[in-house]
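A look at the structure
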Amino acid sequence: MIVTQTMSKKPLLACIIGNIIEWYEFIVFGYFASILGQVFFEPSSPLMSMFKVFGIFALGVFVRPLGGLFLGHIGDKFGRKNALVVSLLLMSVPTFLIGCLPTYQSIGIFASIALFLVRILQGLAMGGEYAGAMVYLVEKSQPSKRGWYGSIAALSLVTGMALGAFVSGLLQALLTQDQIYSWGWRIPFFLSFMGLLWGFYLRTTLDETIFFNSLQEDKAVSKFPLKDLFLNFREQLALTVFSQYFLAVGMYTMTVFYANYALNTFKNLNTLSQFLINTPGVIFIGLSALLSGRLSDVYGPKKTLLFASLIAIAVNYFTIPLVNTGTLNTFLGAHLLMSIATGIFLGPIPAFLAKSFPVNTRYTSVALSNNLSMGIFGGTAPMVITYLMTVFPDQPVANYYLMIGAVISLISLLCIKDVNLFTQQGKSHG
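Below: a short report on this structure. (Residues numbered from 1 in each chain as written. Predicted model: local features only at pLDDT ≥ 70, side-chain atom pairs only at ≥ 80, totals over all residues. Heavy atoms only, no water.)

**Re the nonpolar core**
- Counting 114 residues, the largest nonpolar core has F32, F40, W185, Y258 and L346 as its most contacted members.
- Of all the elements, helix α1 (residues 9-31) adds the most residues to this core, at 13 residues.
- Sequence-distant contacts of F40, defined by excluding residues within four places in its chain, comprise I98, L101, P102, Y104, A111, S112, L115 and W185.
- In this structure, F211, F212, L215 and A220 belong to the second largest nonpolar core, which totals five residues. (Core = buried A, V, L, I, M, F, W, Y, C linked by side-chain atoms within 4.5 Å. Buried < 20%, exposed > 50% of the residue type's maximum accessible area, 1.4 Å probe, protein only. Helix = DSSP H or I, 4+ residues; strand = E, 2+ residues; numbered from the N terminus. Contact = heavy atoms within 4.5 Å.)

**Examining the environment of Q236**
- With respect to the helices and strands, the residue Q236 is situated in helix α14 (residues 234-243).
- Spatially, the C-alpha atoms of Q236 and I416 are 7.0 Å apart, while their sequence positions differ by 180 residues.

**Topic: the environment of Y149**
- Inspection of the secondary structure assignment puts Y149 in helix α8 (residues 146-174).
- Assessed through its relative accessible area of 12%, Y149 is described here as buried.
- In sequence terms Y149 and M134 are 15 residues apart; their C-alpha atoms lie 8.5 Å from each other.

**Details of the side chain of S192**
- Positionally, S192 belongs in helix α11 (residues 192-204).
- The class for S192 is buried, based on a relative accessible area of 3%.
- Only 2.6 Å separates the side chain of S192 from the backbone oxygen of F189, close enough to count as a polar contact. (Polar contact = N/O pair within 3.5 Å; in protein donor to acceptor, adjacent residues only side chain to side chain.)

**Overview of the packing of aromatic side chains**
- Inspection of the entire model under this criterion finds seven aromatic pairs.
- Here F96 and F190 contribute two aromatic rings whose centre-to-centre distance is 5.5 Å and whose plane-to-plane angle is 50 degrees, an arrangement assigned as tilted. Taken together, the positions of F96 in helix α5 (residues 80-100) and F190 in helix α10 (residues 187-190) put the pair 94 residues apart, joining distant regions of the chain.
- Residue classification places F190 among the partly exposed positions, given a relative accessible area of 32%.
- Relative to F345, the ring of F246 lies with its centre 5.6 Å away and its plane at 70 degrees, an arrangement referred to as edge-to-face. Of this pair, F246 sits in helix α15 (residues 245-265) while F345 sits in helix α20 (residues 328-346), and the two are 99 residues apart along the sequence. (Phe/Tyr/Trp six-rings, centres within 6.5 Å; stacked < 30°, edge-to-face > 60°.)

**Structural notes on helix α12 (residues 210-217)**
- Listed as buried for α12 are F211, F212, S214 and L215. For α12, the angular spread of buried residues about the axis comes to 155 degrees, placing them on one side.
- The inward-facing, buried residues of α12 abut α4 (64-77), α5, α7 (109-140), α8 and α22 (362-378).
- Just downstream of α12, K219 is the residue with a positive phi angle, here 55 degrees. (Arc of directions from axis to C-beta.)

In structure tokens, the structure reads:
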């Protein structure tokens, strides 16, 4: 049965609003880490306070696979729409609550515990939010535009990051340090409430995808999606996890690692520039993702990703001299080129993952694959690169690490069978 659908504005907006909130909060939490550390923990050295809040930040990354399993189960058993509503509430309500939390000065250790609990909820939501948007948009779109609409999900990710960087930088520029520490840090978290209201309305009025409706009609809904995934698609799951190696390393290196690298290397940056230095790179990641997503509709997601892997190897090799010069202009040029390479790889991923697994376990499979890769390879990348730089201080470690990631992705993609699993259980659905 061939399925044709036409994408309208409402499902598109409903999906991207959650991703924007998610990655907006991701960047805001990271940028305000030192301030949150002083506000929510026992007064100590700024470095130790920041270490504590980064520990809570990391907790949100570690629980993402659990969130992917939880929301994936809902999405595969009770519908994509229901999972998207739950993930939005789990993300945006706790984000807003961070702005409402009393400080350590008010309630002592209970402030730290409250931030800890809120972060767990956010981590659970992050585990299924992006996966849900990918699956819904790809399933809702017509076959000839699955790559394009999947890349829009990727664009919403970097849009949230750019928005978070802009808001953080603007507040730092407009408010005094006393105002920031007193009440200004709450503002970016309060702003997420507008997205919650709009997003909740849009998602509760969504239609379910034809693919899931067909599962229900055929009584083919999986009772235990995770069990079915491991029984039938273990190898496919492992290969998709490793095929995203470069993307995971690239996203965290371009944002988290290079933000700190720039701050430590270029001491003459003003406050606003420190917060906005990554913004051009993030924008280029999004634009490149759109382009490659469209190309994947022409050449196929796998071929486009193979090409993106080769581009990534070449770009990271030829930008080594630019990074090594130690000047701000050459660094920004290298950062933009490496960001473009990362974006080219990002665009086809939603359509690629959706096509790699059958309908009845798709949400769980995509969520688990993406979160395992991002958590294991991406979340550790800044730490590993920083450590290797201490061992090899005169080497372009980040470039080499990204090249290795691209090679691993390339090999994994070549090992994935050329099959179209846009099916429920062997039945073709377009």
